[in-house]
Amino acid sequence: MKEEIIIAGFGGQGVLSMGKILAYSGLMEGKEVTWMPAYGPEQRGGTANVTVIVSDDRISSPILSKYDTAIILNQPSLDKFESKVKPGGVLIYDGYGITTPPTRQDIRIFRIDAMDEANERGMAKTFNMIVLGGLLKIRPIVCIDSVIQALRKTLPERHHKLIPMNEKAIHIGMDIIAPVTTEPATV
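Source: prediction; values computed, not measured. (Residues numbered from 1 in each chain as written. Predicted model: local features only at pLDDT ≥ 70, side-chain atom pairs only at ≥ 80, totals over all residues. Heavy atoms only, no water.)

1. Concerning the sheet that holds strand β6 (residues 108-112)
- Taking strand neighbours across the sheet as the criterion, the seven strands line up as β2-β3-β1-β4-β5-β6-β7 in an open arrangement whose pairing is mixed. Since the sheet does not close on itself, it has two edges, and those belong to β2 (32-39) and β7 (178-180), each with one partner. For this sheet, the mean inter-axis angle between neighbouring strands, taken without regard to orientation, is 20°.
- Here strand β4 (residues 67-72) runs beside strand β5 (residues 85-94); their pairing, made up of five bridges, is parallel. Residue pairing across strands places Tyr67 opposite Val85, the latter belonging to β5. (Pairing = 2+ DSSP bridges. Helix = DSSP H or I, 4+ residues; strand = E, 2+ residues; numbered from the N terminus. Axes fitted to C-alpha atoms, helices over the stretch in contact; angles between N-to-C directions.)

Laid out in structure tokens, this is it:
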């Protein structure tokens, strides 16, 4: 198994931490992982993305131009990365702030309304864990127990009281992610 993932959105949406938790979860399962963040100097509010590779075998390079899975959290990231999903791959997007949804016919597209769900439930800080839950339903590359262990390792101890809410958020994401059917273009 080898999964090459890009997670992209605005700084402050938990893009980098989602990737870090995913990579750490893979490490805890004895997998080979890479975590390569990219963000502008403005961080919060600017665009940010992270490439994560989780593999059973050694990873030759963390630099990728195509991805098995793209998790997209804003329109600029969708515009940039939709074309970089490998044919047969997966694109997961949060509908909040997306004005032009993805339309490719050669990939599987899923929508997760994580921002709306997080706000409705008063769980705004768990937005990224809702998205991660959606990913793990579609691509179960690590188990939830590993994610919970990774949260314990990566979160400062003063935030450990939030781990049950984050676990709940993962399950919410698994429940609300839905496939999107795109109609073939008519000529």
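2. Thoughts on the packing of helix α1 (residues 15-28) against helix α5 (residues 144-154)
- Their axes nearest at 8 Å, the elements α1 and α5 cross at an angle of 115°. Relative to α5, the element α1 is oriented roughly perpendicular. Read as a crossing pair, α1 and α5 show a hand that is right-handed. From α1, Lys20, Ile21, Tyr24, Ser25 and Met28 reach across to α5, where they touch Ser146, Val147, Gln149, Ala150, Leu151, Lys153 and Thr154. (Parallel < 35°, antiparallel > 145°, perpendicular 65-115°, else oblique. Left-handed = near helix turned anticlockwise from the far one by under 90°. Contact = heavy atoms within 4.5 Å.)

3. Considerations on the pairing of β5
- The element β5 is extensively covered by neighbouring structure, given that seven of its 10 residues are classed as buried.
- One crossover worth recording links β4 to the parallel β5 by way of helix α2 (residues 75-81), and it is right-handed.
- The pairing of β5 with β6 spans five bridges and is classified as parallel. Within the sheet, the bridge partner assigned to Ile92 lies in β6 and is Phe110. (Buried < 20%, exposed > 50% of the residue type's maximum accessible area, 1.4 Å probe, protein only. Right-handed = clockwise from strand over helix to strand, strands pointing away.)

4. Thoughts on the side chain of Lys31
- Within the element layout of this structure, Lys31 appears in the loop between α1 and β2.
- In terms of polar contacts, Lys31 uses its side chain to reach the backbone carbonyl oxygen of Ile141, at 3.3 Å.
- Ignoring any residue separated from it by four or fewer positions in sequence, one finds Lys31 in contact with Met1, Gly26, Val54, Ser55, Asp56 and Ile141. (Polar contact = N/O pair within 3.5 Å; in protein donor to acceptor, adjacent residues only side chain to side chain.)

5. Focus on the pattern of salt bridges
- Tallied over the entire structure, the rule returns eight salt bridges.
- Put simply, Arg139 and Glu3 hold a salt bridge, and the shortest N to O gap is 2.8 Å. Of this pair, Arg139 sits in the loop between α4 (127-138) and α5 while Glu3 sits in strand β1 (residues 2-10); the two residues are 136 residues apart in sequence, bridging distant segments of the chain. Of the two residues, Arg139 and Glu3, neither departs from the other in class, the shared state being buried.
- The salt bridge partner of Lys86 is Glu4, with a shortest N-O separation of 2.6 Å. Placement of the pair is Lys86 in strand β5 and Glu4 in strand β1, with a sequence separation of 82 residues.
- Ionic contacts of the salt-bridge type, sharing partners, join the residues Lys2, Glu4, Asp68 and Lys86 into one network. (Salt bridge = Lys/Arg side-chain N within 4 Å of Asp/Glu carboxyl O.)

6. Thoughts on α4
- Its 12 residues give α4 an end-to-end C-alpha distance of 17 Å, which sits within 8% of 16 Å, the value for a rise of 1.5 Å per residue.
- In terms of burial, α4 is a largely internal element, 11 of the 12 residues being buried. (Expected span 1.5 Å × (residues − 1).)

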